[in-house]
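Descriptive analysis of the structure
Below are the chains, spelled out letter by letter.
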Amino acid sequence: MHLVVCAKQIPDPDTPPSAFKIDEATNSVVPAPGISPILSQFDGIAAEAALRIKESGGEDAKVTVISMGAESARAAIKQVLAMGADEGVLLNDDAFEGGDSYTTAKVLASAIRELGDVDAVFCGRQAADWDMGQVGLLLAEELGWASAIIAKDINYADGNVSVQRVLTDGYETVQMALPAVMTVSNEFGEPRYPKLPQIMAAAKKTVTQYSASELGLDAAEVGSAGSRLKIEKLFIPETDSNVEFMTGDTPQELAAALVQRLQADKLI
Amino acid sequence: MVDFRISDEQKLIIDNVRRLIREEIRPLEEDLDPDAFSLPPSEKDRLVSMVKEMGLYQMDVPTEYGGPGIDIVTRTLVAEELSQHRAGLYAPAYGVFGHGPPGQLYNATDEQKEKYLWPVIRGEKSAFFGLSEPSGGSDPARAIKTRGIKDGDDWVINGGKLWNSGADTADFGIVYVRTDPSKGREGISAFLIDTETPGFRVERLVQVLRAHYTTELSFTDMRIPSQNLLGKEGGGFALANEYLSMQRIPYSATGLGVAILAHEMAMDWAKQRETFGQPLANRQAIQWMLVDNEIDIRTGRWACLQAADLAHRGEPFRFESSMAKLVATEGAGRVVDRSMQIFGGLGMSKDLPLERWYRELRIRRIGEGPSEVQRIVMARDLLNIRSGS
Ligand SMILES: Cc1cc2nc3c(=O)[nH]c(=O)nc-3n(C[C@H](O)[C@H](O)[C@H](O)COP(=O)(O)OP(=O)(O)OC[C@H]3O[C@@H](n4cnc5c(N)ncnc54)[C@H](O)[C@@H]3O)c2cc1C
Ligand SMILES: Cc1cc2nc3c(=O)[nH]c(=O)nc-3n(C[C@H](O)[C@H](O)[C@H](O)COP(=O)(O)OP(=O)(O)OC[C@H]3O[C@@H](n4cnc5c(N)ncnc54)[C@H](O)[C@@H]3O)c2cc1C
């Protein structure tokens, strides 16, 4: 069985607000100096999900981690290799830059087809930078595979997965025949700590690199050229907070004052 | 070429330590006394298992003794992470990464290693270190009055020690004794002494600035078999090996860890707190404090990393490790002091860990070789003056 984890490297969400900058001319985020990008947290959980299936025995399973990104994304790949994945794939090409969820899914799908024998793909429920949560679904669409998103539990048996999904008002369990794409949520549990021997072994694992042309992709259909999403304006919103105290002698008076105040601002 | 960039492997190791401190240690600490220096045993056992599973237990132990084989540069970087919590300075991660044995034990005989070194590595025994006496710790070669006299196959030891951390709970100690009063340095021998030996007494617990007290010990006609002589007779101070001297480097870096955390806290606070209509961070007086914090942290880090890098390459690093100890410790003290000033009254309170670090960092300028003694060591190297006196 061949399992794939899609891993994105993102700016560290713990970047202090003072160090977070955007370039309004190009509508892009400026990397904070001295703060290394990290593996998107949900992708660490997706890796955990794939590794648990690999380790649940039964069949021989191999886990490949794929990242589309700059050379620096090798660190994110290495992190998943250190968790126990077997091989890495880096999708690096200037043509991939400036894309959207759609072009990302397109590139990832080409790489998965290139691998050939993939049975299941695990993505994070969303990337912790833009929080779009679309790549997993679009990827399933591109591949023409079944999909289940926002998983909190995944069980594999005999070519099928049963996925417990998080809904706004509870959970639902769906069954899918492989091949399939799943996105994994934080409710799934914590990703493992990479073990020292695995950390050391990760450097020796193979990481294959593909460019657009090696995947048979035309530069015009990927990256900013193929992007269907256009960012009109990127800005850091000004937040302003104000405290107002309600006055009144009794709880009833206070509540009445609060209701009036909220109604005045059309909040209720 | 000078290159202080961190490799991916180092980063993954550091990330593991950082994550454990943030996700496990700090939340537990919220429910502990502000001066606590140990975890509830069940929590400690759980975390030790986690660390063993990660392969990072007993990181400071050399590979030939079962340690995981992490180089000194990485251990220095890890030490900076390990102390980033309230008790982190004197109880980094509350010991869940293992307590390495005193470096002198690597010079022990096979028999002694069996009885003392291995049990410490396995976490079954703990040791205290008995060098300082009421007569002085900076110049122990002259100050040691504890006397050992050979009697048949035994040594009879009389005297006492002061400032021995952990001696009241330890199973044994490495104790420095004058065995030949006609000689200076060469008249001092080290012994492995079981705390159950008749004549060994903990006279009192000595309270100090930090919550973890030290002890005063007395030895009365203590009979110690010759097998417990560590190293050669008169060779107490010759018990030197690379582990022993290298260990000072990560030790120095633990001070940096708390400085880094104090500085982060102060930066956040300076941006939030408004006085006279503006955030503190807009005031040049405060900006300069924060810049000075950053300078002290970076200087300390470079000093520690340079010492570690030399040690890693197998080059001499005595001057550099003394400098690292001095610069990192004194710098960290200043950082915590400035951070407390920025926090105003809150900086004085036990709601924040700053006041604990402030007290403990003050001890660091005395313990493990006072700043003056570090300067003496550096002066000897710099001026090529004879050592050993
Ligand atoms: C909390 C704590 C824990 C400790 N734990 C242990 C332990 O576990 N085991 C142990 O053996 N010891 C321990 N010590 C002792 C510590 O190592 C000594 O306090 C230290 O070595 C200094 O010795 P001293 O206190 O006798 O000061 P002294 O040697 O009397 O020196 C006094 C002061 O004079 C300075 N000074 C000395 N000589 C010179 C000189 N030539 N030029 C300029 N200045 C000089 C010193 O730097 C110091 O500041 C501990 C101490 C403390 C506070
Ligand atoms: C043990 C203790 C007992 C106390 N007892 C009392 C008491 O009985 N009654 C009482 O009313 N209060 C008491 N206080 C409070 C004390 O007076 C305040 O802590 C003190 O006035 C500082 O205010 P703050 O803590 O709010 O700090 P802040 O006003 O927030 O100031 C924080 C830091 O920024 C500095 N700073 C502020 N403004 C500027 C500026 N414009 N430029 C440069 N630096 C600036 C300050 O000097 C300070 O170091 C006590 C405090 C302590 C620690």
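Residues numbered from 1 in each chain as written. Chains lettered and ligands numbered in written order. Predicted model: local features only at pLDDT ≥ 70, side-chain atom pairs only at ≥ 80, totals over all residues.

So, unusual backbone geometry
Residue and element names in this part refer to chain A. Omega for the bond connecting leucine 178 with proline 179 falls within 30 degrees of zero, at 5 degrees, which places this linkage in the cis form. In this fold, proline 179 is placed in the loop between strand E11 (170–177) and strand E12 (180–184). Positioned with a positive phi, lysine 266 is a non-glycine residue whose angle comes to about 55 degrees. The residue lysine 266 is located in the segment after helix H7 (251–264) in this model. Looking at lysine 266, the number of C-beta atoms within 10 Å reads 6, which means it is exposed. (Helix = DSSP H or I, 4+ residues; strand = E, 2+ residues; numbered from the N terminus. Buried ≥ 20, exposed ≤ 12 C-beta atoms within 10 Å, placed from the backbone.)

A few points about the sheet that holds E11 of chain A
The strands making up a sheet associate through backbone hydrogen bonding, with each pair oriented either parallel or antiparallel. All names here are of chain A. Ordered by their spatial adjacency, nine strands build an open sheet running E11-E10-E9-E12-E8-E1-E6-E7-E13, and the pairing between neighbours is mixed. Looking along the sheet, the strands with just one partner apiece sit at the ends: E11 and strand E13 (207–210). In this sheet, neighbouring strand axes are inclined to one another by 35 degrees on average, regardless of whether the strands run parallel or antiparallel. Relative to E13, strand E7 (residues 87–91) is paired through four bridges, and the arrangement is parallel. If you follow leucine 90 over to E13, its bridge partner there is glutamine 209. Contacts from helix H2 (residues 74–83) reach strand E1 (2–6), strand E6 (62–68), E7 and E13, with the element oriented near 165 degrees to E6. The strands touched by helix H4 (residues 135–143) within the sheet are strand E8 (120–124), strand E9 (146–157) and E12, with E9 carrying the most contacts at an inclination of about 80 degrees. (Pairing = 2+ DSSP bridges. Axes fitted to C-alpha atoms, helices over the stretch in contact; angles between N-to-C directions. Contact = placed C-beta atoms within 7 Å.)

With respect to the domain arrangement of chain A
Domain boundaries in chain A define domain 1 (2–226) and domain 2 (238–268). Taking the mean C-alpha position of each, domain 1 of chain A and domain 2 of chain A sit 46 Å from one another. (Domains from an automatic or database assignment.)

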